[in-house]
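Inside the fold
One letter stands for each residue in the lines below.
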Amino acid sequence: MSVKTEMLEKQQKQILLREKRQQKIRECTLYGIVIYLVYFAVCLVEKNYFWEWGVMSNATAMAQFLVATAAVVFVCARKLNK
């Protein structure tokens, strides 16, 4: 093989790896958006049904937000390390 062919193959591999990495980041971002949308939907349902009875508090909402954030971090860490 010539040097030029080897250089082109190396560039193609780098481009492919870069594209795969960008795809993983896009997927991670979308998973994060979905997780936070589910969190906000749960918050709205809780606000409409449970806050009237005094069962829910701001601390509960904060705890749920922290759980959602942990889920996003966990999903993204697994997705990016594959």
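To be clear, the structure that these remarks concern was listed above.
Please read all numbers here as calculations on a predicted model, not as lab measurements.

1. Some details on the packing of helix α1 (residues 3–49) against helix α2 (residues 58–80)
Packing of α1 against α2 brings their axes to within 9 Å, and their N-to-C directions diverge by 160 degrees. If you check the angle between α1 and α2, you find them roughly antiparallel. In this structure, the crossing between α1 and α2 has a hand that is right-handed. Residues that form the contact of α1 with α2 fall into these classes: 16 nonpolar, three polar and five charged.

2. A closer look at α1
Helix length check: α1, at 47 residues, gives a terminal C-alpha distance of 69 Å against a target of 69 Å (1.5 Å per residue), a fit within 8%. Of all the residues in α1, the buried ones are Cys-28, Gly-32, Tyr-39, Cys-43 and Glu-46. Among the structural elements, α2 are those in contact with the buried residues of α1.

3. What about the state of the cysteines?
Following the criterion strictly, the structure yields one disulfide and no others. Counting only cysteine sulfurs, Cys-76 is the nearest neighbor of Cys-43, a cysteine outside any disulfide, at a range of 19 Å. Under the relative-accessibility criterion, Cys-43 is labelled buried at 19%.

4. Concerning the side chain of Lys-79
Structurally, Lys-79 can be placed in helix α2. Lys-79 sits in the buried class, given a relative accessible area of 19%. Leave out the neighbours within four places in its chain, and Lys-79 touches Lys-24, Glu-27 and Tyr-31.

Rules used in this analysis
- Residues numbered from 1 in each chain as written.
- Predicted model: local features only at pLDDT ≥ 70, side-chain atom pairs only at ≥ 80, totals over all residues.
- Heavy atoms only, no water.
- Axes fitted to C-alpha atoms, helices over the stretch in contact; angles between N-to-C directions.
- Helix = DSSP H or I, 4+ residues; strand = E, 2+ residues; numbered from the N terminus.
- Parallel < 35°, antiparallel > 145°, perpendicular 65-115°, else oblique.
- Left-handed = near helix turned anticlockwise from the far one by under 90°.
- Nonpolar A, V, L, I, M, F, W, Y, C, P; charged D, E, K, R; others polar.
- Expected span 1.5 Å × (residues − 1).
- Buried < 20%, exposed > 50% of the residue type's maximum accessible area, 1.4 Å probe, protein only.
- Contact = heavy atoms within 4.5 Å.
- Disulfide = S-S within 2.5 Å.

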